[in-house]
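Listed here are the chains, written in short residue letters.
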Amino acid sequence: MTTLPLSRVPDPCDAPALRWGILAPGGIASAFASALAAHTTQRIVAVGSRSAARAQTFAREHGIGVAHASYEALLDDPNVEAVYVASPHSRHAEQALAAISAGKHVLVEKSFTQDARQAAAVIDAARAAGITLMEAMWTRFLPHVDVLRQLLADGALGEIETVSADHGQRFTPDPAHRLFDPAAAGGALLDLGVYPVSFASMVLGTPGRITARGTLTDTGVDRQISAVFDQFPGSTAHALVTTTLAAQTPTTAAISGPKAHVDLPSRFYTPVPLRFVPRTGEPVTSPAPVITGSGGLAYEAAHFARLVAEGRVESPALPWAETLAIMQTMDQMRAQVGARFPGED
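Scope of this entry: the structure provided in the associated data block. (Residues numbered from 1 in each chain as written. Predicted model: local features only at pLDDT ≥ 70, side-chain atom pairs only at ≥ 80, totals over all residues. Heavy atoms only, no water.)

**Things to note about the overall build of the protein chain**
The cut-off we apply is this: Elements are defined by DSSP. Helices are runs of H or I of four residues or more, strands are runs of E of two residues or more, and each kind is numbered from the N terminus. A radius of gyration in this sense is built from C-alpha atoms; the matching globule rule multiplies 2.2 Å by the number of residues raised to 0.38. The contact rule is simple, with two residues in contact once any of their heavy atoms fall within 4.5 Å. Where accessible areas are quoted, they stem from the Shrake-Rupley method and a 1.4 Å probe; at the residue level, only the protein chains shown are allowed to cover. We score Asp and Glu as negative and Lys and Arg as positive, and we do not count His or the chain ends. By convention, the charge on Lys lies at NZ, on Arg at CZ, on Asp at CG and on Glu at CD.
Each helix and strand in the protein chain was counted, giving nine helices and 14 strands. Its C-alpha atoms give the protein chain a radius of gyration of 20 Å, within 12% of the compact-globule value 20 Å for 345 residues. By its C-alpha atoms, the protein chain is 60 × 45 × 40 Å across when sized along the principal axes. Considering only contacts within the protein chain whose residues lie at least 6 apart along the sequence, 69% involve residues at least 24 apart. Summed over its atoms, the accessible surface of the protein chain is roughly 14000 Å², and 52% of this surface lies on carbon and sulfur atoms. For the protein chain, the centre of its 26 positive side-chain charges and the centre of its 32 negative side-chain charges are spaced 1 Å apart.

Next up, the structure:
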């Protein structure tokens, strides 16, 4: 009988505690704060918002001691060691650079920035300052993904032939919503499509060729993009990724090789069991996750805290070069479908 490797991801509660500040108290920030409170020993000591009322409400809801009425005040807070940047993509670079300048370690919500040029500037600043910096692509740090990494490293699937992944959700068109606003770096790709793009990158690396097709919303952001990636280094594999703002898709992922394939079920980017299906023999499924849903954000926070404690500036699970390459890939995809943000050529 086939057996799967065990996850090597440690309990998030075992990570040394950082003193966190949350920059921009929106929906993802709320999920992050709840995950840390439920599953880690991390301490959120402050929140900053452009609205004093929003900061105070968020602080009250999550038991945070200090509510700052500006981002600048949060970054000036000497009690804050690390900042979680949870604003719209269009603000990530500006705010990450400000946090680095303030001497704070920075976890930047994905997509890392709105384009590769901005990503390179943020990475260069962190490198020069010796600051720990990481993209908050939480999927990379989940237990089932560690099992998947081990299967790939062991060659359990053979040489990879295809990778597929999708992420689509249905949003009612609304020009005022950030996902439909070019000035907020809206669109399906940076918010949803980054998951399948990052998944393909983790499995196969950076593609040498990207072929993308898509449609735009009335406001000019990408409504739907589908792409084929190929010409990976030393591989004949293809990756197929798709994303949309107009429909709830299965949000599944799969990797296939001559020896076996792996299926990741719906919401593959969250804590889920994976299914390993050998060409001969019985399929086997990894254990059900201990931490479920958005609680899985605890793993990225714990990983980041360990990096800081160890004096490491970047994560081996998601190094700066790969974050930059993913942004370059998404730049090409947007360019091919004509989705451009203000100020881009």
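Past the structure itself, the notes keep going.
**Section: the pattern of salt bridges**
Applicable threshold: We count a salt bridge whenever a side-chain nitrogen from Lys or Arg sits within 4 Å of a carboxyl oxygen from Asp or Glu. Think of it in three bands: residues with accessible area under 20% of the maximum for their type are buried, residues over 50% are exposed, and the middle band is partly exposed, with areas taken using a 1.4 Å probe on protein chains only.
Evaluated as defined, the whole model comprises 13 salt bridges. A salt bridge links Glu94 to Arg91, with the shortest nitrogen-to-oxygen separation between them at 3.1 Å. One end of the pair is Glu94 and the other is Arg91, both in helix 4 (residues 89–101) and three residues apart, which spans about a single turn. Under the relative-accessibility criterion, Glu94 is labelled partly exposed at 47%. Taking the shortest distance from any N to any O, the salt bridge between Arg140 and Glu322 comes out at 2.7 Å.

**Here we look at the pairing of strand 6 (residues 133–136)**
Using the following cut-off: The pairing criterion for strands is at least two bridges between them, as found by DSSP. Handedness is read with the strands pointing away from the viewer; a crossover is right-handed when the path from the first strand over the helix to the second is clockwise.
Pairing of strand 5 (residues 105–109) with strand 6, which is carried by four bridges, proceeds in the parallel orientation. Note that in strand 6 the partner of Glu109 across the bridge is Ala136. Between the parallel elements strand 5 and strand 6, the chain passes through helix 5 (residues 116–129) in a crossover that is right-handed.

**Quick notes on the pairing of strand 12 (residues 260–264)**
Burial along strand 12 is one-sided: Ala260, Val262 and Leu264 are buried, and none of His261 and Asp263, which face the opposite way, are. In terms of strand pairing, strand 11 (residues 253–256) meets strand 12 through four bridges, oriented antiparallel. Along strand 12, the bridge assignment pairs Ala253 with Leu264. Hairpin remark: strand 11 followed by strand 12, antiparallel, with three residues in the connecting loop.

**Observations concerning the sheet that holds strand 2 (residues 43–48)**
To keep it simple, the criterion reads: Between the N-to-C directions of two axes lies an angle of 0 to 180 degrees, each axis being a line fitted to C-alpha atoms and, for a helix, fitted only over the stretch in contact.
Overall, parallel pairing links the six strands, which are arranged 3-2-1-4-5-6 in an open sheet. Each having just a single partner strand, strand 3 (66–68) and strand 6 make up the two edges of the open sheet. Across this sheet, the average inter-strand angle for adjacent strands is 25 degrees, counted without regard to direction. With respect to the sheet, helix 2 (residues 52–62) is in contact with strand 1 (19–23), strand 2 and strand 3, its orientation differing from that of strand 3 by roughly 160 degrees. Docked against the sheet, helix 8 (residues 297–309) engages strand 1, strand 4 (82–85), strand 5 and strand 6, running at close to 175 degrees with respect to strand 6.

**Section: the sheet that holds strand 9 (residues 222–230)**
Across the sheet, eight strands lie side by side as 8-9-10-7-11-12-13-14; this open sheet has mixed pairing. For this open sheet the edge positions go to strand 8 (209–216) and strand 14 (284–285), each flanked by a neighbour on one side alone. Sheet topology note: the strand 7 (residues 162–168)/strand 11 ladder contains four bridges and is antiparallel. Bridge pairing links Thr162 to Ser256 in strand 11. Across the sheet, helix 7 (residues 188–204) lies against strand 7, strand 9, strand 10 (238–244), strand 11 and strand 12, angled at about 165 degrees from strand 10, the strand it touches most. Here helix 9 (residues 320–337) sits on the sheet and contacts strand 8, strand 9 and strand 10; the angle it forms with strand 8, its principal contact strand, is near 50 degrees.

**Some words on helix 1 (residues 27–39)**
So the rule is basically this: Multiplying 1.5 Å by the residue count of a helix minus one yields the expected span of that helix.
With 13 residues, helix 1 ought to run about 18 Å at 1.5 Å a step, and its terminal C-alpha atoms sit 18 Å apart, in line with that. Along helix 1, the residues classified as buried are Ala29, Ala31, Phe32, Ala33, Ala35 and Leu36. Turning to helix 1, the residues buried within the fold contact strand 1, strand 2, helix 2, strand 4, strand 5 and helix 8.

**Comments concerning unusual backbone geometry**
With an omega of -10 degrees, the peptide bond running from Lys110 to Ser111 counts as cis. Mapped onto the secondary structure, Ser111 falls in the loop between strand 5 and helix 5. Phi is positive for Ala185, which is not a glycine, with a value near 55 degrees. Mapped onto the elements, Ala185 comes out in the loop between strand 7 and helix 7. Residue classification places Ala185 among the buried positions, given a relative accessible area of 0%.

**Some thoughts on the packing of aromatic side chains**
The description of an aromatic ring pair uses the distance of the two centres, along with the angle that the planes make with each other. Spelled out, the test is: Two aromatic rings, drawn from Phe, Tyr or Trp (for Trp, its six-membered ring), form a pair once their centres lie within 6.5 Å of each other, and the interplanar angle then sorts them: stacked below 30 degrees, edge-to-face above 60, tilted otherwise.
One pass over the structure, following the stated rule, counts seven aromatic pairs. Aromatic pair Trp20 and Phe32: ring centres 5.5 Å apart, planes at 70 degrees, arrangement edge-to-face. Pair noted here: Trp20 is in strand 1 and Phe32 is in helix 1, with a separation of twelve residues, a long-range link. Assessed through its relative accessible area of 0%, Trp20 is described here as buried. With centroids separated by 5.5 Å and ring planes inclined at 40 degrees, the aromatic side chains of Trp20 and Phe304 adopt a geometry described as tilted. One end of the pair, Trp20, is in strand 1; the other, Phe304, is in helix 8, and 284 residues separate them in sequence. In this structure, Trp20 and Phe304 share a single accessibility class: buried. Grouped by ring-pair contacts, the aromatic residues Trp138, Tyr195, Phe199, Phe268 and Tyr269 constitute a single cluster.

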